[in-house]
Protein chains: 2
Amino acid sequence: MSEYVAPIKDMQFVLRELAGLDEVAALPGCDDVSPDLVEAILEEAAKFAGGVLSPLNATGDREGSRLDGNAVTTPKGWKDAYRQFAESGWTAVAAEPEHGGQGLPTLLSTTLNEMWKASNMAFSLCPMLTNGAIEAIRSRGSDALKAIFLDKMVAGEWTGTMNLTEPQAGSDLAAVRARAEPQADGTYRVFGQKIFITYGEHDLTPNIVHLVLARLPEAPEGVKGISLFVVPKFLVNADGSLGARNDVRCVSLEHKLGIHASPTCVMAYGDEGGAVGYLVGQPHHGLAIMFIMMNAARFAVGLEGVALAERAWQRALQFSRERIQGYDPAEKAGARVPIIRHPDVQRMLMLMKSQTEAMRALAYVVAGATDKAERHPDELTRTRAQGFVDLMIPIVKGWSTETSIEVTSLGVQVHGGMGYIEETGAAQYLRDARITTIYEGTTAIQANDFIGRKIARDKGAAIGLVLAEMREVAAHCTVIGGENFGRVGASLNAGANALASSVVWLLRTFPELPGEAHASAVPLMRLAGIVFGGWQLARAALAAHRRIGAGDADKHFLEAKIITARFYADHVLSQADGLAHCVINGASVTLASGLLDE
Amino acid sequence: MSEYVAPIKDMQFVLRELAGLDEVAALPGCDDVSPDLVEAILEEAAKFAGGVLSPLNATGDREGSRLDGNAVTTPKGWKDAYRQFAESGWTAVAAEPEHGGQGLPTLLSTTLNEMWKASNMAFSLCPMLTNGAIEAIRSRGSDALKAIFLDKMVAGEWTGTMNLTEPQAGSDLAAVRARAEPQADGTYRVFGQKIFITYGEHDLTPNIVHLVLARLPEAPEGVKGISLFVVPKFLVNADGSLGARNDVRCVSLEHKLGIHASPTCVMAYGDEGGAVGYLVGQPHHGLAIMFIMMNAARFAVGLEGVALAERAWQRALQFSRERIQGYDPAEKAGARVPIIRHPDVQRMLMLMKSQTEAMRALAYVVAGATDKAERHPDELTRTRAQGFVDLMIPIVKGWSTETSIEVTSLGVQVHGGMGYIEETGAAQYLRDARITTIYEGTTAIQANDFIGRKIARDKGAAIGLVLAEMREVAAHCTVIGGENFGRVGASLNAGANALASSVVWLLRTFPELPGEAHASAVPLMRLAGIVFGGWQLARAALAAHRRIGAGDADKHFLEAKIITARFYADHVLSQADGLAHCVINGASVTLASGLLDE
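Right, let's walk through the structure included here. In this text, all values refer to a predicted model and were calculated from it rather than measured experimentally.

### Quick word on the environment of R431 of chain B
Link 1 in the chain: Within the secondary structure layout, R431 of chain B lies in helix α11 (residues 426-433).
Link 2 in the chain: Expressed as a C-alpha distance, the spacing of R431 of chain B and S409 of chain B, which sit 22 residues apart in the sequence, is 9.2 Å.
Link 3 in the chain: Excluding its chain neighbours within four sequence positions, the residues that come into contact with R431 of chain B are L257 and Y420 of chain A together with D61, L257, G258, H260 and E422 of chain B.
Link 4 in the chain: Reaching out from R431 of chain B, the side chain makes a polar contact with the side chain of D61 of chain B at a distance of 2.6 Å.

Next comes the structure, spelled out in C-alpha cells:
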C-alpha cells in the first residue's frame, strides 16, 4: 500500500496563483510568511503526514479505539504519533503567539490541515476539535480560564472536545437538556449525557478539556437558554498540576461506518454528584459562542472532503498504472495494458482529479479571504472579505463533502473487485468520507444557511459580487478562445447564468414560500458549488496560460491545469442547467409528494 | 430495527400494469399463473423474506462468515434459514419441472428474487449462484451430469458456484490460467487458484458444485481456449451418495466492505494431485457457456440494486416519521416535528422512492420480455422481445446498481448522525450496494456492451424502437396535460431527444473513433437509464390515470404514482441534457487528459 504524498506542487500553485499568498503575507502580523518559510513548512509537514500519520491510517482503521471500563485505548502507534505531532509544534501552528502559538495565517494552516486530514483523518480530528476548544476559551473565556488551559492546549499537552449533541438534540440544539447548577464558589456542577463526542476520552494526553453546552436553572427555553462550560477531565491545581478526577466519564463508544480510530464517545456528566465546570462567557450565550467557532469547524470539515478526495485520487491513480488488465480499445490486440489506458478509467480519474482540484482551490481562496477579513487594515476590505467567507463556508462544507463521497466512491470503482476488499484501502476513504456530510451540520443545514442567512438576508448582494467576478473570468477565457478556453468560458458563463436565475427565483420565493425555498436549498447549493468550482479551475487555467506565456518551464503541469478546467467544464459544469431546472421547477412537487399523508 | 416488508402493492401494480403479467400468463407453459397463484406466492414469499431472512440480515453482517482450517461457518441462524428456504421450495421456483422445478416465469421469479435480495442480500447470493450453475449444466451438460447434479441442486440439497476470476484475470477473462488435464477415464484433473468465489465453501449443504473455467493442454490463447468444468466438493457415487473428498479447498476468506455474511473465497484446486472435474459442453467453449448465463446473472445483480434501494427507502421513511427534530420551516414555532416534515427530507425520500420505483418497473418489464422471448409462439415476437432484453440488460445492471449507491447513501443521510452508527442498519445497505457496480461486470463493462453490441452492432435499430415508444408515451401524457402530466410529457420528450442525439453521435463515432465512443459509454448508459426509468414512471402514471378514471378505489396509491412520475421528471430526468452534452462533447478531453504522460 502506497503512503500519502502531499501534493505540494498543486498546493503552492493554488496558494500563489489563486488564493493570494503574497497579499496574505503582506497583512499585519504575517511578516514571517516568506516564500522560504512556506516551502520549508510545507515540506516538513508533508514529511510528517506521509512518514508518520499515513502509515497509521489503515492499521488504526482496522484496530479502532476501544473502551475498557471508562478508559479508551487508541490504536497502536497513535500515542507516539501524537507525541511527535505536539513536539514538532504542529498543534500550535494557528494559535496566537501569546499562548505559545505560531500565529500562522489561516491560508497556511489550511494547507497543513489538508495534509493531516488526507494522511489520517481519524487522527486529525483530535487536534481539530482541540483548536475549536482553544478558540472558544480564547475568545470568550475569563483570564483565569485562559491562564489555566490555553498554553497547555496550544502545546498539545492537553486536548479539547466539543459537547453539543444529546440523544434528542442533534441538529436541533434548542432541545439540549444537560444542566448546570451554580455553586457558592462561582463554579458549576454539570449533569447530563452527551453523545457523538469525538475524542471524548483517549490515552494521548493526561488531561482532556471538555466544552459542554448545558442549561442554567430557570434558563429560557430553546437556543437562548444554553450556556457553555469548561469541564476538565482532571481538575487543575493552582500550580498547573493535575488535581482530582472530575465527575465525567466515557460510558460507551460508537461502532461506526468509518473513522474507526477516532473514539466517538457517549459522555456521562455528573453521575456522582456533578462535574465541576466553569462558565465561558455570559450565561445563556453558549450557542452564540459555538457559532463563533462554527465557521472554522464547518470549513475544517469541508477540508476533510478535499483531503479524502485527494487521498482517494492518489491511490486510484497509482493502482490504475499498476493493474494490468485487457487491451487498449483503440488497438484490441497487442500486449495487455495498465487499466489507465481504458477510456472510462481515464474519465473516472479525471472526475476525481478535476473535482479535487476545484474543491482545494475554493477552500484555499476562502482561507485567504479569512486572513484578509481578520487582519486587513482597511475596514471595507475586511467587511467584504468576511461577506465572501460567510457566503462560501456552507459551500466549502456542503459541496466539498458531498463531492468527496462521489470521488471516494469512484476511487473504489477504479479498483474493481480489489476496491471492495478492505485491505486495499480504497474503501476506507469512502467510509471515512461518509460522515463529512453529516457532522458539523448536515448538507441540508448548510444549504438552508446558504439560501437564508447568506443569500436572502443581504438580498443577493454577496453572491452578486461573485457572479460578476465569474462572468469576468468567463469573458477572459472566451477572449483567449480556442478549443479549451472557448469551452471553459462558455461553460462558466452558462453556469453563472443558471446560478443567477436560481438566485433570482430564490429571492422571490424565500419570503413568500419558505417551504419551497427550503425544498430547493440543496440542489441550489450543489449548483453553486459546481459553478464556483468551475470558476476556480478557470482562474487556474488563466494563471497557467499566463505562466506558459511568460516562459515557465513546468509546461506539463500548467497544460494539465488547462485541460483539467476543460474536462470539468464538459463533465461537471454541464450539469448546471439541469440543476437550475430542479431548483426553479422542482420545489412544488417535493412538497406535494403526499409522503406526509401516508 | 424494523424488518423488511415486501412492497406487494407496488409489485402487483408493476406486474399487471407495466410488465404484462396477463400476457405472460397466456404464454405456453404458464397455464398455472393465475391471479390467485400470484397473490398467494407473493404473500408466502413476503412472509419468508420479512419473517426469516430479514431478521438475520444485520446479525449476519456483524458476525460474518468465518474460516477455520478449510471449513467455513456461516453466521448464526443461516443454516436453519437455508434449510427452510429449500424445504419451502424457493430454490426450485424458476427451474424446469423435469428436474423438480416449478417452472415459474421469469417475471414472477424476479419478484421473489427482489424479496430475497432486499431482506438479506448476503443470503440471496447463495441461491443466485446456484441458479447460474444449474443453468450451465442444464443447457450444456451431458445427460450424465444432469442426472447426477440437477435434481439435488434444484431441490437446494446442494449449492453451486461460479469460478471465473483469478488474481490476474478479473474483467479480463482471457488471462485465465487454471488448467485441466484429461484423464484416461474421460474425467479431468483441474489445477489452479480462483478468487472472489461467492459461497465457494460453507456449512449450509453437504456438497457444493463448482463450475470452473480452465484451460486444456494446448488450448488456444485468449478467450477461445477456455473450457468449463464441473468440480464437486465431494465426488458422487453411482447411487447418488457422497463419495471421496475432492481436491478443492477454500484457503482464505476476503475481508470486504459489505456482504459480510456471504463467504467470498479463495479456492485452491489441485494442490494434492488434481481436482476431479467433468467437462461441460465442448472444449474451449467455456466462455460461450458463461455468456449464456451472463444475461441472467447481470439482470440478477441489477435487481440487487432495486432491492437494496427499496430496503434503504423503507428504513429511511420509517426513521423520518419517528425522529423528532426541529420545527416545520413554514411555522418556525409550535411543536417539534418528525423530520419528514422538513422539505429536504421529503426531497431525499422522494429521490429514493421515485428512482426505486423506476428501477423496479424497468427490471420487471425486462423480466416480462424475457418470458416472451423464451416462450412466445410467434418467432418475430420472440426475436423482438430478445432484442429488447439484450438492449436493456446492461441498463438494468449498470444503471440500477449505480443508482442504488446513490439511494442507499441518501438513506444514510436521512438518518443524520444515527446513519453513521452501524447498529442503525442504514450503513449496511450502502456497504452491500457498493459491490453491485463491480461484480458480474463493472459499470464500464456494461456500458461498453451497451454502446457496442447493443447499439452500434444493429445500427441503433433496437434502441430506435424504444425511442419511438417513449415518444408515444410522452405524447399521451402531453395530451392529458395539466401540471403533472404536462411536465412528465415534456421531460420525457426532452429526455428522448437527448438520448436520440447521443445515439446519433455514437453511431457516427463508434466505427471511426472507438476510444471516444468508449470514453462516453458510461455517461450514455446513465442517460439511457434515467430516460428509460422516466418512461416507465410515465407509463405508471398513465395507468394510474386510467384506473382513477375507471373509479379505482385506491386513489391515494394511484395519485402517488402520478406525483412520483412528476417528481422524477423535475429532479432526475432534468439531468438528461447535461448528460447528452457530456456524451457528445466530453469524450475528446477525457482522452486528451494527459494522465498517460505523467
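### Observations concerning the packing of aromatic side chains
A ring pair, where both rings are aromatic, is described by two values, the distance of the centres and the angle of the planes.
Residue and element names in this part refer to chain A.
Link 1 in the chain: On inspection of all chains with the given rule, the structure shows 24 aromatic pairs over all chains.
Link 2 in the chain: Here F13 and F557 contribute two aromatic rings whose centre-to-centre distance is 5.6 Å and whose plane-to-plane angle is 75°, an arrangement assigned as edge-to-face. Of this pair, F13 sits in helix α1 (residues 8-18) while F557 is found in helix α17 (residues 555-571), placing the two residues 544 residues apart along the sequence. Of the two residues, F13 and F557, both sit in the buried class.
Link 3 in the chain: An aromatic cluster is present here, built from F48, W78, Y82, F85, W90, W116 and F123 joined pairwise through their rings.

### Details of the interface of chain A and chain B
Link 1 in the chain: Between chain A and chain B, the residue contacts involve 85 residues of the former and 85 residues of the latter.
Link 2 in the chain: Between chain A and chain B the total buried area reaches about 7300 Å² when both faces are included, carbon and sulfur atoms providing 62% of it.
Link 3 in the chain: Among the ionic pairs, R336 of chain A bridges to D172 of chain B, the shortest N-O distance being 2.4 Å.
Link 4 in the chain: Across the chain A-chain B interface, the total number found is 36 residue pairs in polar contact (both at pLDDT 80 or more).
Link 5 in the chain: Here the side of chain A that touches chain B gets seven residues from one element, more than from any other, and that element is helix α9 (residues 343-375) of chain A.
Link 6 in the chain: Its residues assigned to classes, the side of chain A that touches chain B comprises 36 nonpolar, 28 polar and 21 charged.

### Describing the side chain of S227 of chain B
Link 1 in the chain: Inspection of the secondary structure puts S227 of chain B in strand β7 (residues 227-232).
Link 2 in the chain: Filtering out sequence-adjacent residues up to four positions away, S227 of chain B remains in contact with V212, L213, A214, L216, L279, P283, H284 and G286 of chain B.

Each value, and the rule that gives it
Residues numbered from 1 in each chain as written. Chains lettered and ligands numbered in written order. Predicted model: local features only at pLDDT ≥ 70, side-chain atom pairs only at ≥ 80, totals over all residues. Heavy atoms only, no water. Helix = DSSP H or I, 4+ residues; strand = E, 2+ residues; numbered from the N terminus. Contact = heavy atoms within 4.5 Å. Polar contact = N/O pair within 3.5 Å; in protein donor to acceptor, adjacent residues only side chain to side chain. Phe/Tyr/Trp six-rings, centres within 6.5 Å; stacked < 30°, edge-to-face > 60°. Buried < 20%, exposed > 50% of the residue type's maximum accessible area, 1.4 Å probe, protein only. Buried area = accessible area lost by both parts, 1.4 Å probe. Salt bridge = Lys/Arg side-chain N within 4 Å of Asp/Glu carboxyl O. Nonpolar A, V, L, I, M, F, W, Y, C, P; charged D, E, K, R; others polar.

Function-wise, these values are silent; they only describe arrangement.
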